[in-house]
Amino acid sequence: MQLVRGLHNLQPQARGCVVTIGNFDGVHRGHQAILARLRERAAELAVPSCVVIFEPQPREFFGPDTAPARLTRLRDKLALLAAEGVDMVLCLAFNRRLRELSAAEFVQRVLVEGLGVKDLEIGDDFRFGCDRAGDFEFLKAAGQRYGFSVDASTTVEVLGGRVSSTRVRQALADGDFELAEALLGRPFRIAGRVLHGQKLGRQLNAPTANIQLKRRKVPLTGVYLVSCEIDGVIQPGVANIGVRPSVAGDGSAHLEVHLLDFAGDLYGRRLSVAFHHKLRDEQRFASLEALKAAIAADIAAAREYWQSHPLMKSPK
C-alpha cells in the first residue's frame, strides 16, 4: 500500500481511482463494509483504490482537549487499511487552510484535480467542507458535473445497533470487550514500543513491559487481562493502563504489561496488546506495600482466568 502525505506529493499515475473519505478510526466493521465496496468498484473499473484520511482528525483540530480518544494511532490505522487491500492512502494535513476550503473547492482540488476520481464511496453520515456544508446530495450533484459516480454505504448493524467508533469507545469504557470485538471484527489492541521505565515492577515482584503510547488520550483505563503474541507464541498477562496515581509520574497515560511466566528481553520491541477482560479500575494506594499486594492479587486473578480461558491460538 502506498502512503501519500499531502496533495503536493501525488504523482500523475495516482490519478483515476476509486475513493472513499473519512477518519476510519478503529477500522471497524462499518468501515470494513465501505472498504469491501471500494475494492469491488476498483476491480470493476480496473483502477486503484484510495482512502483519504486527515491528520489530525478534524475534531482534534477544533477541540484537542475535548476530542474523543482515538481507537487507533495513525501507524496502526495504516496497517489495518493495508490489510483490507487498500492500494493507496492520501493523508491530508487538517489545518486552517483545509478547514477553510468550501465543499466545492474540496471536490475540485482534492477529488477532481488531485485524484481524478472515477467513483466515490461514502459513509451515510459523511459531511465535509467549511462548516460541514457538503453532504451526499452535494456530492451526487458534483459527480454529475465532473463525471464521477457516487455511492452511499448502507449502515452496518451489530447486536441491535449501528456500528460506529463512538459505540466501540463506549463498549471499551464499559469493559464490554465481547461487544467491542463484535464491532471491530477483532479484539481491541494497543501497540507500541517497549521502553525502559522506572524498573519499579521488579521491586513489586511483577516486572513489566513499559509500552510507549504517544497518545494524548487513551480509550480505556484500569487493570485488564491481556495477551501478546511474541515470536509466534501467545503470552497471557495482566496490564495497567492509566496515569499510575500511586507512583510519581508525568501525568500522561502509560501502558504496563506483566506477562505470566515469560522471561526475555523485550526492550526496543514493538508489542501489540490485545485486551480481553477488565479486572478493576485504576486506583491510588497509600503505600508501595498496598500497591504490591494489589498487584499480587491482580496476577492471581489473571492466572485463574487464563487457566479457564486458555489462549490456544492467536486472536484474529
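What you see is a predicted model; the values in this text were computed from it and never measured.

Peer 1: Is there a simple way to think about the overall build of the chain in this case?
Peer 2: Within the chain one finds 10 helices and 14 strands. In terms of C-alpha radius of gyration, the chain reaches 22 Å, essentially the compact-globule figure of 20 Å for 316 residues. Counting all 316 residues of the chain, 49% fall into the buried class. Within the chain, counting contacts between residues at least 6 apart in sequence, those at least 24 apart form 73% of the total.

Peer 1: Mind showing me how you'd approach the domain arrangement of the chain here?
Peer 2: How large an interface is tends to be reported as the accessible area lost when its parts come together. What the domain assignment reports for the chain is domain 1 (2-158) and domain 2 (188-308). Summarising the inter-unit geometry, the C-alpha centres of domain 1 and domain 2 are found 36 Å apart. Counting residues at the interface gives 11 residues for domain 1 and 12 residues for domain 2. Roughly 950 Å² is buried in total at the junction of domain 1 and domain 2, and carbon and sulfur atoms are behind 37% of that figure. It is Ala69, Leu71 and Arg73 in domain 1 that bury the most area against domain 2; as a group they hold 51% of the surface buried on that side. Counting every contact that joins domain 1 to domain 2 gives 1 salt bridge. Arg270 is paired through a salt bridge with Asp76; the nearest N and O atoms lie 2.6 Å apart. Class assignment of the residues belonging to the side of domain 1 that touches domain 2 gives a composition of 4 nonpolar, 2 polar and 5 charged.

Peer 1: What am I meant to see in the sheet that holds strand 14 (residues 270-280) here?
Peer 2: Within a sheet, neighbouring strands are paired by backbone hydrogen bonds and run either parallel or antiparallel to one another. Taken together, 6 strands build a closed barrel; the order of strands is 9-10-13-12-11-14 and the barrel is antiparallel. This sheet shows a mean twist of 45° between the axes of neighbouring strands, independent of strand direction. Where strand 10 (residues 209-211) meets strand 13 (residues 254-259), 3 bridges bridge the pair, whose relative direction is antiparallel. Across the sheet, the residue bridging to Ala209 is Val257, located in strand 13. Against the sheet, helix 10 (residues 288-308) engages strand 11 (222-230), strand 12 (233-242), strand 13 and strand 14, with an angle of about 95° to strand 14.

Peer 1: Just to check I follow, could you spell out the packing of helix 7 (residues 165-173) against helix 8 (residues 177-184) for this structure?
Peer 2: Packed helix pairs are characterised by how far apart their axes lie and by the angle those axes make with each other. At their nearest, the axes of helix 7 and helix 8 sit 8 Å apart, and the two run at 160° to each other. Accordingly, the angle class assigned to the pair helix 7 and helix 8 is roughly antiparallel. The way helix 7 lies across helix 8 gives a crossing that is left-handed. Residue-level inspection shows Arg167, Val168, Ala171 and Leu172 of helix 7 in contact with helix 8, the latter providing Phe177, Leu179, Ala180, Leu183 and Leu184. A class-by-class count of the residues in the contact of helix 7 with helix 8 yields 8 nonpolar, no polar and 1 charged.

Peer 1: Which parts of the structure should I look at to understand the layout of surface pockets?
Peer 2: The gaps left among the atoms become clear once a water-sized probe is rolled over them. For the largest pocket, the calculated volume is near 1200 Å³. Gly22, Asn23, Asp125, Phe126 and Arg132 are, among the 45 residues lining the largest pocket, the residues nearest its centre. Elements with a minimum of two residues in the lining of the largest pocket: helix 1 (29-45), helix 2 (58-62), helix 4 (96-99) and helix 7. Taken together, the residues that form the lining of the largest pocket break down as 19 nonpolar, 14 polar and 12 charged.

Peer 1: What exactly am I supposed to notice about a negative patch on the surface here?
Peer 2: A grouping of Asp174, Asp176, Glu178 and Glu181 is seen on the molecular surface, where their side chains present a negatively charged patch. Here Glu181 lies in helix 8. Residue Glu181 is classed as partly exposed on the basis of its relative accessible area, which comes to 35%.

Peer 1: How should I be thinking about the nonpolar core in this particular structure?
Peer 2: It is characteristic of soluble globular proteins that their nonpolar side chains tend to be buried jointly. In terms of nonpolar packing, the biggest core is built from 34 residues, with Leu255, Val257 and Phe275 touching the most fellow members. Of all elements in the fold, only helix 7, helix 8, strand 9 (189-195), strand 10, strand 11, strand 12, strand 13 and strand 14 reach the threshold of two or more residues within this core. When residues in this core are grouped by element, the largest group, 6 residues, is from helix 8. Residue contributions to this core reach at least three from each of two domains, namely domain 1 (2-158) and domain 2 (188-308). Residues in contact with Phe275, not counting those within four places in the same chain, are Phe177, Phe188, Ile190, Leu220, Tyr224, Leu225, Val226 and Leu255. Core analysis: the next-biggest nonpolar cluster, separate from the first, contains 31 residues, Val4, Phe128, Ala142 and Phe148 among them.

Peer 1: Looking at this model, I keep getting lost on the side chain of Arg41. Mind explaining?
Peer 2: Within the fold, Arg41 resides in helix 1. With a relative accessible area of 14%, Arg41 lands in the buried category. Among the polar contacts made by the side chain of Arg41, one reaches the side chain of Glu44 at a distance of 2.5 Å. Sequence-distant contacts of Arg41, that is, excluding residues within four places in its chain, are made with Val18, Asp119, Glu121, Ser149 and Asp151.

Peer 1: How do you make sense of the packing of aromatic side chains when you look at a structure like this?
Peer 2: The relative placement of two aromatic rings is captured by the distance of their centres and the angle of their planes. All told, the structure shown has 12 aromatic pairs when counted by the stated rule. The structure contains a cluster of three or more aromatic residues connected by ring pairs, namely Phe54, Phe61, Phe62 and Phe94.

Calculation notes
- Residues numbered from 1 in each chain as written.
- Predicted model: local features only at pLDDT ≥ 70, side-chain atom pairs only at ≥ 80, totals over all residues.
- Heavy atoms only, no water.
- Helix = DSSP H or I, 4+ residues; strand = E, 2+ residues; numbered from the N terminus.
- Rg over C-alpha atoms; globule rule 2.2 N^0.38 Å.
- Buried < 20%, exposed > 50% of the residue type's maximum accessible area, 1.4 Å probe, protein only.
- Contact = heavy atoms within 4.5 Å.
- Domains from an automatic or database assignment.
- Buried area = accessible area lost by both parts, 1.4 Å probe.
- Salt bridge = Lys/Arg side-chain N within 4 Å of Asp/Glu carboxyl O.
- Nonpolar A, V, L, I, M, F, W, Y, C, P; charged D, E, K, R; others polar.
- Pairing = 2+ DSSP bridges.
- Axes fitted to C-alpha atoms, helices over the stretch in contact; angles between N-to-C directions.
- Parallel < 35°, antiparallel > 145°, perpendicular 65-115°, else oblique.
- Left-handed = near helix turned anticlockwise from the far one by under 90°.
- 1 Å grid on protein atoms, 1.4 Å probe; cavity = no way out; pocket = protein on both sides within 12 Å on 5 of 7 lines; lining within 4 Å.
- Points joined across faces, edges and corners; volume = space filled by probe spheres on them.
- Patch = residues over 30% accessible without salt bridge, like charges linked within 9 Å, V, L, I, M, F, W, Y side chains within 5 Å.
- Areas by Shrake-Rupley, 256 points an atom, 1.4 Å probe, with all protein chains shown as cover.
- Lys, Arg positive; Asp, Glu negative; His and termini not counted.
- Charge placed at Lys NZ, Arg CZ, Asp CG, Glu CD.
- Core = buried A, V, L, I, M, F, W, Y, C linked by side-chain atoms within 4.5 Å.
- Polar contact = N/O pair within 3.5 Å; in protein donor to acceptor, adjacent residues only side chain to side chain.
- Phe/Tyr/Trp six-rings, centres within 6.5 Å; stacked < 30°, edge-to-face > 60°.

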